[in-house]
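Per-entry structural report
Listed here are the chains, written in short residue letters.
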Amino acid sequence: MTKKIALVTGATRGIGREIARQLGQSGHQVVVGARDLGRGQATAKELVAEGIDAVAVQLEVTDQESIQAAAEWIGQEFGRLDVLVNNAAVIADGDAAVGVVPVEALRRSFEVNVVAVAAVIQAMLPLLKAAPAARIVNLSSELASLTRVGDPASPMSTILTAGYNASKVAVNMLTVMLATELSADGILVNAADPGNCATEMGGWDAPRTPAQGAAVAVRLATLPADGPTGELHAEDGRLPW
Ligand SMILES: NC(=O)c1ccc[n+]([C@@H]2O[C@H](COP(=O)([O-])OP(=O)(O)OC[C@H]3O[C@@H](n4cnc5c(N)ncnc54)[C@H](OP(=O)(O)O)[C@@H]3O)[C@@H](O)[C@H]2O)c1
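Residues numbered from 1 in each chain as written. Predicted model: local features only at pLDDT ≥ 70, side-chain atom pairs only at ≥ 80, totals over all residues. Heavy atoms only, no water.

**Remarks on the overall build of the chain**
Within the chain, the secondary structure is distributed over seven helices and eight strands. Against the compact-globule benchmark of 18 Å for 241 residues, the chain has a radius of gyration of 17 Å, which places it among compact chains. Burial statistics for the chain: of 241 residues in total, 53% are counted as buried. Contacts in the chain between residues far apart in sequence, at least 24 positions, make up 70% of those at least 6 positions apart. In the structure as shown, the chain presents an accessible area of about 10700 Å², 56% of it carried by carbon and sulfur atoms. Across the chain, the mean location of the 18 positive side-chain charges is 3 Å away from that of the 26 negative side-chain charges. (Helix = DSSP H or I, 4+ residues; strand = E, 2+ residues; numbered from the N terminus. Rg over C-alpha atoms; globule rule 2.2 N^0.38 Å. Buried < 20%, exposed > 50% of the residue type's maximum accessible area, 1.4 Å probe, protein only. Contact = heavy atoms within 4.5 Å. Areas by Shrake-Rupley, 256 points an atom, 1.4 Å probe, with all protein chains shown as cover. Lys, Arg positive; Asp, Glu negative; His and termini not counted. Charge placed at Lys NZ, Arg CZ, Asp CG, Glu CD.)

In structure tokens, the structure reads:
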């Protein structure tokens, strides 16, 4: 089997579906991670109709059993994983400024956006290490840039979603630490900021298309061996922490 195997979490819609599409277009065997298997299969079918090798796997990223079952299935089917894109995330209901955000929204943000990312990485790690030169991409955001959010002149300082912003800062930390942990394995680990894209999360009037947002994640998922690791990149290059 010569095709690289790529798993994208939350690939049923939005930026995740476009990442799956673009990885498929660049020759990957795509595994569409979907918490609803039926919708995952519908997405895979749509991609297959475009000439892409795509299959779906049930993957609810907050469910340890689902994660384990997905890892076992990928292991049986392909024996390795060349690319893991941790795309699934939420802006929790009620997310707001630090002084007023419901504690439940903070918990939900961290459960889906941080704990689940680490859990998926842990389960997939043996498969990633079985690949010759795996890549891990974690979807982050400019809203996780302390430099930008801390600058009163930046529009990022006006977006009051404390749970989301703080959880994506934590994603950045997982990215940096994991990059160091896996450097001896030749695995590059980076975070991607897609920019504000028109999706359910980004708002349908956002300036960028999901395909434009997907491109940076795809670039980081297909880096050469001497590419960066432990960094946060947007379309125009590296973002400040
Ligand atoms: N859109 C933007 O402007 C923007 C900007 C910066 C960063 N990002 C980041 O880019 C990524 C994709 O965002 P998006 O705008 O495409 O979001 P979206 O349209 O809301 O799609 C989110 C995807 O994640 C899945 N998901 C959510 N919770 C899940 C769970 N517990 N288990 C499995 N899958 C789950 C959803 O599945 P269902 O279909 O089953 O709900 C959906 O496929 C996210 O990490 C986001 O933080 C987005």
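More follows now that the structure is in view.
**A few points about the site of the ligand**
Around the ligand, a shell composed of 29 residues is seen, among which Arg-39, Glu-60, Asn-87, Tyr-164 and Thr-199 lie nearest. Tyr-164 places a polar side-chain atom, nitrogen or oxygen, 2.6 Å from an oxygen atom of the ligand. Contact with the protein chains removes 95% of the 910 Å² of surface that the ligand exposes when unbound. Broken down by secondary-structure element, the contributors of at least two residues to the shell around the ligand are helix 1 (14-25) and helix 6 (162-181). Considered class by class, the residues forming the shell around the ligand number 11 nonpolar, 11 polar and seven charged. (Near = heavy atom within 4 Å. Polar contact = N/O pair within 3.5 Å; in protein donor to acceptor, adjacent residues only side chain to side chain. Nonpolar A, V, L, I, M, F, W, Y, C, P; charged D, E, K, R; others polar.)

**Thoughts on the environment of Gly-40**
Tracing the chain through its elements places Gly-40 in helix 2 (residues 37-49). Residue class for Gly-40 comes out buried when judged on its relative accessible area of 0%. For Gly-40 and Val-176, which are 136 residues apart along the polypeptide, the C-alpha to C-alpha distance reads 30 Å. Apart from the residues lying within four places of it in its own chain, the contact partners of Gly-40 are Thr-12, Val-32, Ala-34 and Ala-56.

**Quick word on helix 7 (residues 210-221)**
With 12 residues, helix 7 extends 16 Å between its outermost C-alpha atoms, agreeing within 8% with the 16 Å of an ideal straight helix rising 1.5 Å per residue. Summarising the contacts, the buried residues of helix 7 are in contact with helix 1, strand 4 (83-86), strand 5 (135-139), strand 6 (188-192) and strand 7 (232-234). (Expected span 1.5 Å × (residues − 1).)

**Looking at the packing of helix 4 (residues 103-130) against helix 6**
Helix 6 packs onto helix 4 with a crossing angle of 20° between their chain directions and a minimal axis gap of 8 Å. Comparing their axes, helix 6 and helix 4 come out roughly parallel. Crossing handedness for the pair helix 4 and helix 6: right-handed. Contact residues: helix 4 offers Leu-106, Ser-109, Phe-110, Asn-113, Val-114, Val-117, Ala-118 and Ile-121, while helix 6 offers Ala-162, Gly-163, Tyr-164, Ala-166, Ser-167, Lys-168, Ala-170, Val-171, Leu-174 and Leu-178. Its residues assigned to classes, the contact of helix 4 with helix 6 shows 13 nonpolar, four polar and one charged. (Axes fitted to C-alpha atoms, helices over the stretch in contact; angles between N-to-C directions. Parallel < 35°, antiparallel > 145°, perpendicular 65-115°, else oblique. Left-handed = near helix turned anticlockwise from the far one by under 90°.)

**Quick word on a nonpolar patch on the surface**
On the surface, a cluster of nonpolar side chains totalling about 360 Å² of accessible area is made up of Met-173, Val-176, Met-177 and Trp-241. As for its placement among the helices and strands, Met-173 is situated in helix 6. (Patch = residues over 30% accessible without salt bridge, like charges linked within 9 Å, V, L, I, M, F, W, Y side chains within 5 Å. Salt bridge = Lys/Arg side-chain N within 4 Å of Asp/Glu carboxyl O.)

**Quick look at helix 1**
Because an α-helix packs 3.6 residues into every turn, residues spaced three or four apart end up facing the same way. With 12 residues, helix 1 should reach 16 Å at 1.5 Å per residue; the first-to-last C-alpha distance of 17 Å fits that figure. By the criterion of burial, helix 1 is predominantly enclosed, with 10 of the 12 residues buried. Every buried residue belonging to helix 1 is among Gly-14, Ile-15, Gly-16, Glu-18, Ile-19, Ala-20, Arg-21, Gln-22, Leu-23 and Gly-24, and all of these are buried. Phi for Gly-27, located one or two positions after helix 1, is positive at around 100°.

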